[in-house]
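Below are the chains, spelled out letter by letter.
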Amino acid sequence: MRIAVIGAGVIGVTTAYELAVDGHEVTVFDRRGTVAAGCSFANAGLVAPGYVSPWAAPGMPGKVLRHLFAEHAPVRIAGHLDAAALGWAWRWWRACTPQAYRTNRARMHRLAQYSRGRLLELAQRLHLDFERAQGFLVLLRSEREMALAEAGVRALTELGAAPAVLDAAGCRAVEPGLNPETPLFAGLYSRDDEVGNCREFTHLLKKEAARAGVRFRFNAHVESIRAGAEPALRVLQAPHDARDEALRARDASDWSDTQPEAGETSTPGFDAVVVCAATESRRLLRPLGVRVPLLAVHGYSVTAPLREDDSHMHLEPRAALMDERYKVAISRLGKRVRVAGSAEIGGSLEHQNERAQATLDKVLDDWFPGVTRRAAAQRWKGARPMLPDGPPVLGPSGAEGVWLNVGHGGSGWALSAGSARLVADALAGRSAAVEIDGLGVERLQKR
Ligand SMILES: Cc1cc2nc3c(=O)[nH]c(=O)nc-3n(C[C@H](O)[C@H](O)[C@H](O)COP(=O)(O)OP(=O)(O)OC[C@H]3O[C@@H](n4cnc5c(N)ncnc54)[C@H](O)[C@@H]3O)c2cc1C
């Protein structure tokens, strides 16, 4: 089949790769100048199935309201919320029941387990080196946090993925650099979970996809999709994006295959179009009568090189950690450390919230003071493509010839390899290696 993929984030690139491996003729369109320039650029990098769960959870509405007024709040509302955001919030609130949470959590967990296995397989088969480190430790600062985490531990035990519950000394044995002056009550440790550089992986897999015959068209903004037996795209040359100049300098090897087109073009017909355009998918799908309530939930990260002098040797993080109180992740990525978190509803990618940035700095200083060269840090803001109830939607959209791989929210990296394989299997009309119900678009049409 001739297949167009819209979006070259981690979701679009894994999808294109799996489709090419199945023998399809694939073209990827992205409005940016390279792969992984959107939300896949500088995320926390966690591949931790136990931590992949819906944000729509019992007790969450109350927590969100309380957090809104805290200085180091994990959740913030930026500016006014439009009708779409309010509609999303209503659906989110309705998905916070214990039953909906249990169902959606189980779906996400199965997809995450499958994805982690696929990712490992890809990494081994293709010899991909993307700054992986093994182990994930959730830090619980107080007895109260441990008590609140117990329901989650029980749920994971039921799913067969119970983390080890460690006392403070146990946590320090796993991560010897943890600052002894910051109170620590306990930790939840998952040895099989890992952290890796999502952007690096996407670049490496893009090369493999290109080798398998995938064509990439960058600076190509898909304006609209024409559904039908031979779906086609209307493509405009994307306006110059200043951020891509810096990427162009860093990823010089990647630019040989960019093919900016002048003016407006209609592509020839394809046999299928797969939409992997993150939050933009909502706008693209709406004229086709496909309603996918995606909301941009912004988050921040700061990535800094480790100090190279001896004074902090052995004190830096070894793998991945999560400060449960602030919902901030600390990730070791090769010779750098990334701190990531914050959920900002509303606002824009351009506006930087200084308090959110300060929370990231505080969490790193609390646990690993002085290990990075802060002056050389790169700060980033991304938009999580979030559905109100949790799991992504994969498979046919309901519009003829148009398929979906969207809505991975705060776990798109962890869910990418499995989601891509499931979409490729569905497109081939094959039964999938794992059966996970409720990932189809019909789930979202239920009122
Ligand atoms: C702070 C933060 C921390 C995170 N931490 C983690 C983590 O630890 N683990 C994890 O699994 N996930 C994490 N995530 C989530 C993860 O980054 C996302 O779920 C994932 O990157 C989504 O991938 P994507 O390919 O769907 O989106 P993107 O990477 O945004 O890709 C979408 C692509 O579509 C293109 N596009 C959009 N519209 C059009 C159009 N009209 N025409 C052409 N191209 C278009 C865009 O240019 C973009 O390149 C985090 C996110 C944030 C913000």
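Above this text sits the structure in question.
Analysis parameters
- Residues numbered from 1 in each chain as written.
- Predicted model: local features only at pLDDT ≥ 70, side-chain atom pairs only at ≥ 80, totals over all residues.
- Heavy atoms only, no water.
- Helix = DSSP H or I, 4+ residues; strand = E, 2+ residues; numbered from the N terminus.
- Rg over C-alpha atoms; globule rule 2.2 N^0.38 Å.
- Buried < 20%, exposed > 50% of the residue type's maximum accessible area, 1.4 Å probe, protein only.
- Contact = heavy atoms within 4.5 Å.
- Areas by Shrake-Rupley, 256 points an atom, 1.4 Å probe, with all protein chains shown as cover.
- Lys, Arg positive; Asp, Glu negative; His and termini not counted.
- Charge placed at Lys NZ, Arg CZ, Asp CG, Glu CD.
- Core = buried A, V, L, I, M, F, W, Y, C linked by side-chain atoms within 4.5 Å.
- Phe/Tyr/Trp six-rings, centres within 6.5 Å; stacked < 30°, edge-to-face > 60°.
- Pairing = 2+ DSSP bridges.
- Axes fitted to C-alpha atoms, helices over the stretch in contact; angles between N-to-C directions.
- Parallel < 35°, antiparallel > 145°, perpendicular 65-115°, else oblique.
- Left-handed = near helix turned anticlockwise from the far one by under 90°.
- Near = heavy atom within 4 Å.
- Polar contact = N/O pair within 3.5 Å; in protein donor to acceptor, adjacent residues only side chain to side chain.
- Expected span 1.5 Å × (residues − 1).
- Salt bridge = Lys/Arg side-chain N within 4 Å of Asp/Glu carboxyl O.

**Q** Please clarify how the overall build of the protein should be interpreted in this entry.
**A** Within the protein, the secondary structure is distributed over 12 helices and 19 strands. The globule rule puts the C-alpha radius of gyration for 447 residues at 22 Å, and the 21 Å found for the protein is close to it. Its C-alpha atoms put the protein at 65 × 50 × 45 Å along the principal axes. Within the protein, the fraction of its 447 residues that count as buried is 57%. Look at the contacts in the protein between residues 6 or more apart in sequence, and 80% of them connect residues 24 or more apart. Summed over its atoms, the accessible surface of the protein is roughly 19,100 Å², and 53% of this surface lies on carbon and sulfur atoms. Placing the 56 positive and 51 negative side-chain charges of the protein at their respective mean positions leaves the two points 4 Å apart.

**Q** Explain the nonpolar core to me, please; I cannot follow it from the model alone.
**A** The nonpolar side chains of a soluble globular protein tend to be buried with one another. One finds Phe-201 and Val-274 to be the most contacted residues of the largest nonpolar core, which totals 49 residues. At the level of secondary structure, the elements contributing two or more residues to this core comprise strand E1 (2–6), helix H1 (10–21), strand E2 (25–29), helix H4 (98–126), helix H7 (198–211), strand E12 (272–275) and helix H11 (412–427). Grouped together as the second largest cluster of nonpolar side chains are 25 residues, Ala-4, Val-273, Val-275 and Val-402 included.

**Q** Which parts of the structure should I look at to understand the packing of aromatic side chains?
**A** Aromatic rings considered in pairs are described by the distance between their centres and by the relative angle of their planes. In the structure shown here, the tally under the stated rule is seven aromatic pairs. Ring centres 5.2 Å apart and planes at 70 degrees place the aromatic pair Phe-130 and Phe-201 in the edge-to-face group. Of the two residues, Phe-130 sits in the loop between H4 and strand E5 (133–140) while Phe-201 sits in helix H7, which places them 71 residues apart along the sequence. You can call Phe-130 buried: its relative accessible area is 1%.

**Q** Looking at this model, I keep getting lost on the sheet that holds strand E18 (residues 393–396). Mind explaining?
**A** Pairing between sheet strands relies on hydrogen bonds along the backbone, with the strands arranged either parallel or antiparallel. Across the sheet, which stays open at both edges, the six strands sit in the order E8-E2-E1-E12-E19-E18 with mixed pairing between neighbours. Looking at strand neighbours, the two that pair on one side only are strand E8 (215–217) and E18, the edges of this open sheet. Direction aside, neighbouring strands of the sheet carry axes that sit 20 degrees apart on average. Looking at chain direction, E18 and strand E19 (residues 402–406) are connected through four bridges and run antiparallel.

**Q** Which parts of the structure should I look at to understand the packing of H1 against H7?
**A** Axis angle and axis distance: for two packed helices, these are the angle between their axes and the distance between the axes, and together they describe the pair. Running from N to C, H1 and H7 point in directions that differ by 30 degrees, and their axes come no closer than 9 Å. Comparing the axis directions of H1 and H7 gives the class roughly parallel. For the element pair H1 and H7, the recorded crossing hand is left-handed. For the pair H1 and H7, contact is made by Val-10, Val-13, Thr-14 and Tyr-17 and by Cys-198, Phe-201, Thr-202, Leu-205, Lys-206, Glu-208 and Ala-209, respectively.

**Q** Looking at this structure, how should I read the site of the ligand?
**A** Within the structure, the ligand sits among 37 residues, and Asp-30, Ser-40, Asn-43, Gly-409 and Ala-414 are positioned closest to it. The contact in question runs from an oxygen atom of the ligand to an N or O atom on the side chain of Asp-30, over 2.6 Å. With respect to the ligand, the backbone of Ala-44 contributes an N or O atom lying 3.1 Å from a nitrogen atom. Protein burial of the ligand: of its 1,000 Å² of free accessible surface, 96% is covered by the chains. Taken together, the elements giving at least two residues each to the shell around the ligand come down to H1, strand E9 (220–226), helix H9 (281–285), strand E13 (295–305), strand E17 (378–386) and H11. Top element by residues in the shell around the ligand is E17. It accounts for four residues.

**Q** Would you mind showing me how to read the environment of Pro-61 here?
**A** With respect to the helices, strands and loops of the structure, Pro-61 is situated in helix H2 (residues 60–67). Beyond its immediate stretch of four places on either side in the chain, Pro-61 contacts Trp-92, Trp-93 and Cys-96.

**Q** What is the right way to read H7 from this model?
**A** At 3.6 residues per turn, the α-helix brings residues three or four places apart onto the same side. For H7, with 14 residues, the first-to-last C-alpha span of 20 Å sits near the 20 Å given by 1.5 Å per residue. Here H7 has its buried residues at Cys-198, Arg-199, Phe-201, Thr-202, His-203, Leu-205, Lys-206, Glu-208 and Ala-209. Looking one or two residues past H7, Gly-213 carries a phi angle of roughly 105 degrees, positive in sign.

**Q** In this structure, what is going on with the pattern of salt bridges? I would like to understand it.
**A** Side chains carrying opposite charge are able to pair once their charged atoms draw close together. Enumeration over the complete set of coordinates arrives at 28 salt bridges. Linking Arg-116 and Asp-193 is a salt bridge whose minimum nitrogen-to-oxygen distance equals 2.6 Å. Taken together, the residues span a long stretch of sequence, with Arg-116 in helix H4 and Asp-193 in strand E7 (residues 186–195) at a distance of 77 residues. An identical accessibility class is assigned to Arg-116 and Asp-193; each is buried. In this structure, Lys-362 and Asp-366 form a salt bridge, with 2.9 Å as the shortest nitrogen-oxygen distance. Here the residue Lys-362 and the residue Asp-366 both occupy positions in helix H10 (residues 354–367), the gap between them amounting to four residues, near one helical turn. Residue Lys-362 is classed as partly exposed on the basis of its relative accessible area of 23%. Residue classification places Asp-366 among the buried residues on the basis of a relative accessible area of 15%. Among the ionic contacts, a cluster of salt bridges with common partners joins Glu-18, Asp-22, Arg-118, Glu-121, Arg-421, Asp-425 and Arg-430.

**Q** Looking at this structure, how should I read the side chain of Arg-384?
**A** Relative to the assigned elements, Arg-384 resides in strand E17. No salt bridge is formed by the buried Arg-384, whose closest oppositely charged neighbour, Glu-344, lies at an N-O distance of 8.9 Å. Within the structure, the side chain of Arg-384 is placed 3.2 Å from the backbone oxygen of His-298, a separation counted as a polar contact.

**Q** I tried to follow the pairing of strand E10 (residues 232–237) on my own but got confused; where do I start?
**A** Looking along a regular strand, one sees side chains alternate from face to face of the sheet. Examined bridge by bridge, E9 and E10 share six bridges and lie antiparallel to one another. Each bridged residue has a counterpart across the sheet, and for Ala-220 the counterpart in E10 is Gln-237. Following E9, the chain reverses through five residues before pairing antiparallel with E10; Gly-228 in that reversal takes a positive phi of roughly 145 degrees.

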